[in-house]
Amino acid sequence: MKDGINNSWKKVLHDEFDKPYFKELSNFVNEEYKNQVVFPPANKIFSAFNACPFEDVKVVIIGQDPYHGEGQANGMCFSVAKGLKIPPSLRNIYKELASDVKKEIPKHGDLSHWAAQGVLLLNATLTVRKSIPGSHQKKGWETFTDAVILRINEDKQNVIFLLWGAYAQNKGKIIDSSKHHILQSPHPSPFSAHRGFLGNKHFSKCNEFLKNYGMKGIDW
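Computed from a predicted structure; not experimentally measured.

Participant: Is there a simple way to explain the overall build of the protein in this structure?
Facilitator: Tallying secondary structure elements over the protein gives nine helices and six strands in all. Overall size of the protein, expressed as C-alpha extent along the three principal axes, is 45 × 35 × 25 Å. Taken across its 220 residues, the protein has 50% of its residues classed as buried. Sequence-distant contacts, at least 24 apart, represent 66% of the contacts inside the protein between residues at least 6 apart. As displayed, the protein has an accessible area near 10,400 Å², and 50% of this comes from carbon and sulfur atoms. Of the charged side chains in the protein, 29 are positive and 22 negative, and the gap between their average positions amounts to 5 Å.

Participant: Help me understand the nonpolar core in this model?
Facilitator: The tendency in soluble globular proteins is for nonpolar side chains to be buried side by side. Of all hydrophobic cores here, the largest spans 62 residues; its most connected members are W9, F49, W114, L120, F144 and I152. In contact with L120, not counting residues within four places along its chain, are W9, A48, F49, C52, V57, V59, V60, I61, V148 and I152.

Participant: How should I be thinking about the layout of surface pockets in this particular structure?
Facilitator: Vacant regions in the atomic arrangement are exposed by a probe of water-molecule size rolled over the atoms. Estimated volume of the largest pocket: approximately 480 Å³. Taken together, 20 residues line the largest pocket, and the ones lying closest to its centre are Q64, D65, Y67, F78 and H187. Broken down by element, the lining of the largest pocket gets its largest block of residues, three residues, from helix α8 (residues 166–171). Class assignment of the residues belonging to the lining of the largest pocket gives a composition of ten nonpolar, nine polar and one charged.

Participant: Please clarify how the sheet that holds strand β5 (residues 160–164) should be interpreted in this entry.
Facilitator: Strand pairing in a sheet takes place through backbone hydrogen bonds and is either antiparallel or parallel in direction. Judged by pairing direction, the sheet is parallel, and its four strands sit side by side in the order β3-β2-β5-β6 without closing on themselves. Looking at the sheet topology across the chains shown, the edges are occupied by β3 (119–123) and β6 (181–185). Strand after strand, the sheet turns through a mean of 20 degrees between neighbouring axes, direction not considered. As paired elements, strand β2 (residues 59–63) and β3 share five bridges and run parallel to each other. When the bridges of β3 are listed, V59 appears paired with V119. Contacts between helix α7 (residues 141–155) and the sheet are confined to β2, β3 and β5, with β3 contributing the most and set at about 155 degrees to the helix.

Participant: What should I look at first to understand the pairing of β2 in this one?
Facilitator: Every regular strand shows the same layout, with side chains that alternate between the two sheet faces. Within β2, five of the five residues are buried, which leaves the element mostly enclosed by the surrounding structure. Going residue by residue along β2, you find V59, I61 and G63 tucked away on one face and V60 and I62 tucked away on the opposite face as well. Note that β2 and β5 share three bridges and pair parallel. Following the sheet pairing, V60 is matched in β5 by F161.

Participant: Looking at this structure, I do not really get helix α9 (residues 202–212). What am I missing?
Facilitator: Owing to its 3.6 residues per turn, the α-helix aligns residues three or four sequence positions apart on the same side. Those residues of α9 not exposed but buried are H202, F203, C206, N207 and L210. Buried residues of α9 fall within an arc of 130 degrees about the axis and therefore sit on the same side. Exposed and facing more than 90 degrees away from the buried side of α9 are E208, K211 and N212. Of the residues one or two after α9, G214 is the one with positive phi, at around 85 degrees.

Participant: Help me understand the packing of aromatic side chains in this model?
Facilitator: One pair of aromatic rings is described through two measures. These are the centre distance and the angle between the planes. For the structure shown, the criterion picks out 17 aromatic pairs. On the basis of an interplanar angle of 85 degrees and a centroid distance of 5.2 Å, the ring pair of W9 and F54 is categorised as edge-to-face. On the criterion of sequence distance, the pair formed by W9 in helix α1 (residues 7–12) and F54 in the loop between α4 (47–51) and β2 is long-range, its members being 45 residues apart. Judged by its relative accessible area of 0%, W9 falls in the buried class. On the basis of relative accessibility, which here comes to 10%, the residue F54 falls in the buried class. Here W141 and F144 contribute two aromatic rings whose centre-to-centre distance is 5.9 Å and whose plane-to-plane angle is 70 degrees, an arrangement assigned as edge-to-face. Highlighted residues: W141 and F144, both in helix α7, separated by three residues, approximately one helical turn. An aromatic cluster of three or more residues is present, and its members are W9, F17, Y21, F22, F46, F49, F54, W141 and F144. Above the ring of F54, the side-chain terminus of K156 is found at 5.1 Å from the ring centroid.

Rules behind the numbers
- Residues numbered from 1 in each chain as written.
- Predicted model: local features only at pLDDT ≥ 70, side-chain atom pairs only at ≥ 80, totals over all residues.
- Heavy atoms only, no water.
- Helix = DSSP H or I, 4+ residues; strand = E, 2+ residues; numbered from the N terminus.
- Buried < 20%, exposed > 50% of the residue type's maximum accessible area, 1.4 Å probe, protein only.
- Contact = heavy atoms within 4.5 Å.
- Areas by Shrake-Rupley, 256 points an atom, 1.4 Å probe, with all protein chains shown as cover.
- Lys, Arg positive; Asp, Glu negative; His and termini not counted.
- Charge placed at Lys NZ, Arg CZ, Asp CG, Glu CD.
- Core = buried A, V, L, I, M, F, W, Y, C linked by side-chain atoms within 4.5 Å.
- 1 Å grid on protein atoms, 1.4 Å probe; cavity = no way out; pocket = protein on both sides within 12 Å on 5 of 7 lines; lining within 4 Å.
- Points joined across faces, edges and corners; volume = space filled by probe spheres on them.
- Nonpolar A, V, L, I, M, F, W, Y, C, P; charged D, E, K, R; others polar.
- Pairing = 2+ DSSP bridges.
- Axes fitted to C-alpha atoms, helices over the stretch in contact; angles between N-to-C directions.
- Arc of directions from axis to C-beta.
- Phe/Tyr/Trp six-rings, centres within 6.5 Å; stacked < 30°, edge-to-face > 60°.
- Lys NZ or Arg CZ within 6 Å of the ring centre and 35° of its normal.

Laid out in structure tokens, this is it:
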């Protein structure tokens, strides 16, 4: 399974691939793809990493599970392929984006243009069985993505972490806030966006911090 991730991440995470948990995870995931309908497609499990090499990471957005509906998951959190209906949480992300940086709301949900600028769109769990949310949780993915966050935390400086919702905030507890900048708010889900996600101005704040660190802001 590790062959699907690009060389920059393979080098940084090489210790993880030899650990017992990752071998068990690989066996589980391979069996699931053989016997069940699993999302995203196997060749897109590591899309977030392949679209944003380690050395380019400037911003990290942490999600939870891939989308579990037909054709939605593309390996990047909150993102869906062009041509698909924009999911409710992403609609609220776009709504805040339009309010915050006065950007026209896109007509598609593909966020790969964010990734290409250094935004790692990291789900905590990288695979899921069709129509069964959470079905691949606690199989080892969370350990792997914790290792990803730790490597960024330890090996880089001045990364902006956008932690939306309690799950992302809990996962982000391992981030050293003296080295990096953390922006937190409620999740963009329709159930919670009105409690503080809408109006959080994270997109403009993120760019302000990047520019203060001498880096180019993200063209959201």
